[in-house]
Amino acid sequence: MTTSIIVRVNDIIDQIISYNPDADIDLIRKAYVFSAKAHQGQVRLSGEPYLNHPLGVAKILADLSLDEYTVATGLLHDTIEDTIATVDEIRTLFGKEVAFLVDGVTKISKLPSQSREDQQAENFRKMILAMSSDIRVILIKLADRMNNMRTLQYVPAERQQRIAEETLSIYAPLANRLGLFQMKRELEDLSLRYLHPAAYQEIERNLVVTAEQRDRYVQEVIGIIQEKLNQFGIQAVVTGRPKHMYSIYTKMLKQNLNFNQIYDLTAFRIIVQTRQECYEVLGIIHSLWKPIPGRFKDYISLPKANMYQSLHTTVVGPYGQRIEIQIRTEEMDRIAKIGIAAHWKYKEGRHIEQKSDYRFAWLQQIIESQAEVKDSHQLLEAFKVDVFPDEVYVFTPAGDVIELPKGSTPIDFAYRIHTDIGHRCIGAKINGTMVPLRYELQSGDVVEILTQAHHGPSRDWLKFVKTTRAKTKIRQWINQQERERGIALGKEICEKEFKKYRISIALLQKDQDLFKHYAVENIRTLDDLYAAVGQGRISVRQLVHRYRVPTRQEGGISRPSLEPPITQRGEGREKQDTGISIDGLDNILVRYGKCCNPIYGDRIKGFITRGRGVTVHTADCPFLTYADQERIIDAQWDGRSRHVATVPLEVICEDKKGILATITTVIAAAEINIANATVRTTPDKKAVNVFMVDVTSLEQLEAVIAAIKNVKGVLKVTRLHN
């Protein structure tokens, strides 16, 4: 059972002095006193004083050897959110830098009332923005999460699951990406404890049972290695430790093994003085025990993006057991423990310029992506791919190393080199041999991209490219092409219609009142207007009617006022009422597919209809399988308004008296209208009822389905698609 460790402010101060004797210790003492007063009387769910939490966070930051401003922020990080303290007060007492960091952490924590998924997605957009200004904000947030995980047993069970799941899927991989491996391992083990308690307890119990035998084996292996290194005059520190529990769990899961079938439970580490000695030791180990093919990794010559460096090898050790050995220098070991914090150098109180530092190249790519990807859910998925990857290292024909997420393709490589190379890519050679563009790159591949002038990306590429940069650039190109097609189509429609009524098309260009009217819809140029017509947002009849001279038979009609662009169901509506966000297109005509009746909460896609806007379908609608894939675009519910959809529900129940009345009563109690209903009976004494119900969201539909299932005698409830 994890217990809360009581931390004293002097413990924190002693730790800071150990790595930075010139630190401003008075700042730490003042932050401690302020935090103690601000949180006075507050207690945690465990019953302990709330002050223990900021003390714990500050200690974690001090253990990462961070500067006194960051540690002070750890003490103050909850004062603005949970007490009456203000940013201005923090700025006056502790300076701009601490106030900036405290405010940054607070902004990540403060979220509007949203669904869990929306909240998590928006939280990550805020995290990325915080990282772009100062990565220390994220280090504080990680320390905050780790301290909370250490006392998660006091939180209600439902919240334990949610917090542990978020920690495992987001915070632990983020710690890994920043090179904070000790933090990553602890977060994973703590998450496992609450997500899979039975598996956690089994592994924990088995590790205790086998501890004595394992310790004897570890000491024997260390003795053999140490004796061999001494023969070659190499001074080294050799240690062995059990692998952390989550790594054991994932291995059991992936290979369908039980605990007793896993033999490489212990990892050994050899710390030497120089880089050259790392390779010498590797040779000695391989001469001592047989290496396992394919299990050698050289992260010294090709460091990971999080700056991790080490040699990894797996050998068949004593008694035929596989053992994993890591070889590194003292400096490499320090970086492996505290990651990006090891490179956080300060001069005259100013931190390094992360935008110009090569170690932050991956971060800059993420920041660029967040500026281009407007939907927070898309950003979260992209973030998981780009920030938490298993890396592959490939080479350009000139020998430059390019790091990409595992599963990347030649197209991802092309866009990493340059956007134009990605756009013009028509093929790729890997190690001199032609491969499909879907080919998954492997570490060590030499990649050559074949290009052709005036070539453009395919929408199909979005199905298999891996990186956010490639996806974003492809979407931008497709959106631009759609706009250009819309302009061409709109111009053709206008010219034909104006010619039909003998109206000069030049009137459109000269009519400044027209563009003033549509300025709110971002229609400011003639091309914007043509695109709106081509995409079905504006009816050409509105424009013709504006300039058309009435005939004698028509009498003296007056010029009509302009209608707003069509947005939904063919009716003029305000922009905020559309309810749908179409990939890169604003305020476009939106219809809903009658084949699948999409409702708010369904995963959806858009299908571009020629001159009639976009039809929205559920993502799994059979229509999209056979439709022109070039005309399918991404779509999301924007949550601002919800249309009423009539959805068929099939209810199969026992054929008995009163059950139909009970079912309709349950539907009515959910405040859902029944638009139509059909009932038939079957020879096996069952009744098949189809209710056409009016609903506004998937959540509402699922709630009424659950209520119907609870009716005694109901056998099955299914949402039907036409």
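Use the structure listed above.
Since this is a predicted model, take the numbers as computed values, not measurements. (Residues numbered from 1 in each chain as written. Predicted model: local features only at pLDDT ≥ 70, side-chain atom pairs only at ≥ 80, totals over all residues. Heavy atoms only, no water.)

Overview of the overall build of the chain
Of the regular secondary structure elements, the chain holds 28 helices and 24 strands. Looking at the 722 residues of the chain, the share that counts as buried comes to 51%. Put simply, the chain shows about 35,700 Å² of open surface, and 49% of that area lies on carbon and sulfur atoms. (Helix = DSSP H or I, 4+ residues; strand = E, 2+ residues; numbered from the N terminus. Buried < 20%, exposed > 50% of the residue type's maximum accessible area, 1.4 Å probe, protein only. Areas by Shrake-Rupley, 256 points an atom, 1.4 Å probe, with all protein chains shown as cover.)

Brief notes about helix H14 (residues 245-254)
Residues of H14 that are buried: Met245, Tyr246, Ile248, Tyr249, Thr250 and Met252. Positive phi appears at Asn256, one or two residues downstream of H14, with a value of about 55 degrees.

Quick word on the packing of aromatic side chains
One pass over the full model with this rule turns up 8 aromatic pairs. When the ring of Tyr246 is compared with that of Tyr249, the centres are 6.2 Å apart and the planes differ by 35 degrees; the resulting orientation is tilted. Of the two residues, Tyr246 and Tyr249 both sit in helix H14, 3 residues apart, roughly one turn of that helix. Given a relative accessible area of 13%, Tyr249 falls into the buried group. A connected cluster of aromatic rings, assembled from ring pairs, spans Phe181, Tyr299 and Tyr308. (Phe/Tyr/Trp six-rings, centres within 6.5 Å; stacked < 30°, edge-to-face > 60°.)

A look at unusual backbone geometry
Residues other than glycine seldom take positive phi values, yet Tyr319 does so here, at roughly 65 degrees. Relative to the helices and strands, Tyr319 resides in the loop between strand E5 (311-316) and strand E6 (322-329). Within the chain, Asn597 stands out as a residue other than glycine whose phi angle is a positive 45 degrees. Within the secondary structure layout, Asn597 lies in the loop between strand E17 (590-592) and strand E18 (604-608). Accessibility expressed as a relative area gives 15% for Asn597, which makes it buried.

Regarding the packing of helix H3 (residues 52-63) against helix H9 (residues 136-150)
Between H3 and H9, whose axes approach to 9 Å, the crossing angle comes to 125 degrees. Considering their axes alone, H3 and H9 lie oblique with respect to each other. Note on packing geometry: the crossing formed by H3 with H9 is right-handed. Contacts from His53, Gly56, Val57, Ile60 and Leu61 in H3 reach Leu139, Ile140, Ala143, Asp144, Met146, Asn147, Asn148 and Arg150 in H9. (Axes fitted to C-alpha atoms, helices over the stretch in contact; angles between N-to-C directions. Parallel < 35°, antiparallel > 145°, perpendicular 65-115°, else oblique. Left-handed = near helix turned anticlockwise from the far one by under 90°. Contact = heavy atoms within 4.5 Å.)

Observations regarding the sheet that holds strand E24 (residues 714-719)
Read from one edge of the open sheet, 4 strands run E22-E23-E21-E24, paired in antiparallel fashion. Edge positions in the open sheet fall to strand E22 (673-682) and E24, since each of these has one partner strand only. Across the sheet, the mean angle separating the axes of adjacent strands is 20 degrees when strand polarity is ignored. As paired elements, strand E21 (residues 645-654) and strand E23 (residues 686-695) share 10 bridges and run antiparallel to each other. Note that in E23 the partner of Pro648 across the bridge is Met692. Seen against the sheet, helix H27 (residues 659-669) touches E21, E22, E23 and E24 and runs at an angle of roughly 20 degrees to E23. Each of E21, E23 and E24 is contacted by helix H28 (residues 698-709), which is oriented at about 165 degrees to E24, the strand it contacts most. (Pairing = 2+ DSSP bridges.)

A few points about the nonpolar core
Residues Ile12, Ile28, Leu142 and Met183 are the most contacted members of the largest nonpolar core, which totals 60 residues. The leading source of residues in this core is H9, at 8 residues. Filtering out sequence-adjacent residues up to four positions away, Leu142 remains in contact with Tyr171, Leu174, Ala175, Leu178, Leu180 and Met183. Residues Val218, Ile222, Leu282 and Val315 belong to the second largest nonpolar core, which totals 25 residues. (Core = buried A, V, L, I, M, F, W, Y, C linked by side-chain atoms within 4.5 Å.)

With respect to the sheet that holds strand E12 (residues 433-435)
Overall, antiparallel pairing links the 3 strands, which are arranged E12-E11-E13 in an open sheet. The open sheet terminates on both sides in strands that have one partner only, identified here as E12 and strand E13 (447-451). The sheet shows a mean angle of 35 degrees between the axes of neighbouring strands, direction not considered. As paired elements, strand E11 (residues 425-430) and E12 share 3 bridges and run antiparallel to each other. Directly across from Ile430, in E12, lies its bridge partner Thr433. Contacting E11, E12 and E13, helix H19 (residues 410-417) crosses the sheet at an angle of about 80 degrees to E13.

Limitation: the analysis is restricted to geometry and does not speak to function.
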